[in-house]
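Geometric and topological summary
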Amino acid sequence: MGSALLSDLGTEIVIPVCAVIGLAFSLVQWFLVSRVKVSQEHAALSMGSKNGKNGYNDYLIEEEEGINDHNVVAKCADIQNAISEGATSFLFTEYQYVGIFMVAFAILIFLFLGSVEGFSTKNQPCTYDKEKLCKPALATAIFSTVSFLLGAVTSVLSGFLGMKIATYANARTTLEARKGVGKAFITAFRSGAVMGFLLAANGLLVLYITINLFKLYYGDDWEGLFEAITGYGLGGSSMALFGRVGGGIYTKAADVGADLVGKVERNIPEDDPRNPAVIADNVGDNVGDIAGMGSDLFGSYAESSCAALVVASISSFGLTHDFTSMCYPLLISSMGIIVCLITTLFATDFFEIKAVKEIEPALKNQLIISTVLMTVGVAIVTWTCLPSSFTIFNFGAQKVVKNWQLFLCVCVGLWAGLIIGFVTEYYTSNAYSPVQDVADSCRTGAATNVIFGLALGYKSVIIPIFAIAISIFVSFTFAAMYGIAVAALGMLSTIATGLAIDAYGPISDNAGGIAEMAGMSHRIRERTDALDAAGNTTAAIGKGFAIGSAALVSLALFGAFVSRAEISTVDVLTPKVFIGLIVGAMLPYWFSAMTMKSVGSAALKMVEEVRRQFNTIPGLLEGLTKPDYATCVKISTDASIKEMIPPGALVMLTPLIVGIFFGVETLSGVLAGSLVSGVQIAISASNTGGAWDNAKKYIEAGASEHARTLGPKGSDPHKAAVIGDTIGDPLKDTSGPSLNILIKLMAVESLVFAPFFATHGGLLFKI
């Protein structure tokens, strides 16, 4: 078999060191962002600096235009505080409800898993090797509960810190835009990097520490140890579900309300301070796109690591207690942090952005550079940390695998992620024909716009699905279910860069809103709009990554579940499995219906409130009085907290109900069905919404001859585009992104409860 080049001691040093480097790098980026001041006395100092880095002199454009600078800075600071307070209070409210759920679910895990052996404290024969004795089921119950709570807390923390960073950076980006588009880009991108590295390093460090602490009790029983670790993934994803759904409903209720009344009825610009829903809309960007996205990608990361570790623990790595090879998934993530660190420097330090047209290529280069470097990184990790050949558990048998085959599995996932990212970009960026066709269809009204947009979304599913299919085939052929788990990890290995690009979008969006509300000049608003349009596309790319990785992760978890529940084959022709398959395929539709309707009903309340204020507050439209922002924030908060519970309950309870009453075969059908249909709906929903949004921006920007024939703002084609954008909002920011959590969460939950279902499940068929 041979052994790995890297010693166990080396592994124990490398993983935490990489995580700490990631944390240190995010602190450095945060420090650089914090040097932009948003208070009065510093504003005067920053004007004194001479020639700036981006080829501009650092004097402020505002000065030439004779606008009082202090006034603008003070306004920006006020608006930033309002957004930050709104986001913080919403997340605290949300976490109170989620906390209650977390405790209740932790008790459930303990009771269900403890009851497998009737709460006995005696050692039991192992699941996969009956000759050996493993720790009692009660231990797995206790440790699974602990790792569930750890995963949940880390997930909540990831989201919350991300939101704090974003609300800290938004006004700073606005103020930097006065010095040129390059400065603003660097501020927004650095802030995104803070979040990306914090999350990647945090997730790795907590998981690594947890494994080492659990090892003190489990000793040589690695099978039990890594089974207990799966709770970490479950905790991460269950919090992500509530964050995504709650945040998504919040942000879109405000967005739809603000757009419909402000733009379509009253004909005032987006983010106009006269619009009562404008603060709620900007708060929503932070709680939905940032906090939700952070928890979501953390969940994917935790689950793909758990899926790989579970399969590895019953392969030769686990049987021979080869710690370095066992930690292969964690070593890939460690390498990912270092690779992303180098990649980030390309955007912030090695190259300067001088013009608007350089923004999108800079962000795309991030993806390409990180993927190319990561390919080299994976090769290094594979050749130093794995023996030349080993065996992988494959549904009851051991399959011999060579290290180069595993290298290919990781790379297939890594490059499939890049392909999905670029296809998403092609279908959602207004630089290419698909979105321009959608914009063009607005000539004849909103109906044709909707038809074209839906068609675009369905069409955009084709290539990503082929990419996912090929990566599944290649990785499964080489290394069975372990191959699929590491392919998912490959896709997520550049998570720090992916998140930086993703968080950049909402930060730029907020910066534009603050510029508009603070009454800054038209030129500055143009710059923030350019940053925002690029951010929209990158957000769509981020969602593509999240969905692609979710498909691979849930398939790997599905394989681990089937092995753990001791199902020899999943036969579609047996009625038990087939009914599960057809019901599972229906679940994403049921879930989408719930989330869409929630956004609709919350938006309805918001529209009524905004209309009421315009009609009853004298002098509001003339800008003589301030609107009542707080009421709109309250409507969004109340609606999202109330409405996030039914979809969350649907996802969390389905595996439990199916497993207990119908047994593991039916549950395996449900998991397969929801995976197959969920991926398709998620990709098409995200891309349809993204395309409609950018079609509207394409008309508003009027950058090409074609766009100018459709504009300006307020023209009939523009109004049709706004309606399309409004329909797309809940698709791209609520239903689409939440679906990938549905697929993963049901799979990881089934895996955690597999011992219970295998022993006590299927009550209806036992009668």
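Each remark here, short or long, concerns the structure printed above.
Residues numbered from 1 in each chain as written. Predicted model: local features only at pLDDT ≥ 70, side-chain atom pairs only at ≥ 80, totals over all residues. Heavy atoms only, no water.

Turning to the overall build of the protein chain, a few remarks are in order. Secondary structure assignment for the protein chain yields 24 helices and 4 strands. Taking 767 residues into account, the globule formula puts the C-alpha radius of gyration at 27 Å, and the protein chain, at 26 Å, falls close to it. Principal-axis analysis of the C-alpha atoms gives the protein chain an extent of 85 × 55 × 45 Å. Looking at the protein chain as a whole, 65% of its 767 residues are labelled buried. Intrachain contacts of the protein chain at a sequence separation of at least 6 include 85% that bridge at least 24 residues. For the protein chain, the accessible surface area stands at approximately 25,700 Å², while carbon and sulfur atoms represent 68% of it. (Helix = DSSP H or I, 4+ residues; strand = E, 2+ residues; numbered from the N terminus. Rg over C-alpha atoms; globule rule 2.2 N^0.38 Å. Buried < 20%, exposed > 50% of the residue type's maximum accessible area, 1.4 Å probe, protein only. Contact = heavy atoms within 4.5 Å. Areas by Shrake-Rupley, 256 points an atom, 1.4 Å probe, with all protein chains shown as cover.)

As a further point, take the packing of aromatic side chains. Counted by the stated rule, this structure contains 31 aromatic pairs. On the numbers, 4.9 Å between centres and 45° between planes, the contact of Phe-317 with Phe-390 is tilted. Within this pair, whereas Phe-317 is found in helix α9 (residues 316-319), its partner Phe-390 is found in strand β3 (residues 389-394), the two being separated by 73 residues in sequence. For Phe-317, a relative accessible area of 1% corresponds to the buried category. Among the aromatic residues, those joined into a cluster by ring pairs are Phe-101, Phe-105, Phe-112, Phe-148, Phe-242, Phe-753, Phe-756 and Phe-757. Residue placement shows Lys-135 over the ring face of Tyr-217; its charged tip is 5.2 Å from the ring centre. Here Arg-172 stacks its cationic end above the ring of Tyr-168, 3.8 Å away from the centre of that ring. (Phe/Tyr/Trp six-rings, centres within 6.5 Å; stacked < 30°, edge-to-face > 60°. Lys NZ or Arg CZ within 6 Å of the ring centre and 35° of its normal.)

The grouping of Ile-579, Leu-653, Ile-657, Phe-661, Leu-763, Leu-764, Phe-765 and Ile-767 at the surface amounts to a nonpolar patch, some 760 Å² of accessible area in total. At the level of elements, α21 (645-701) and α24 (763-766) are the ones that each hand at least two residues to the nonpolar patch. Position of Leu-653 among the secondary structure elements: in helix α21. Judged by its relative accessible area of 41%, Leu-653 is partly exposed. (Patch = residues over 30% accessible without salt bridge, like charges linked within 9 Å, V, L, I, M, F, W, Y side chains within 5 Å. Salt bridge = Lys/Arg side-chain N within 4 Å of Asp/Glu carboxyl O.)

Per the counting criterion, the structure on display carries 0 disulfides. For the unlinked cysteine Cys-306, the closest cysteine sulfur is that of Cys-327, found at 13 Å. (Disulfide = S-S within 2.5 Å.)

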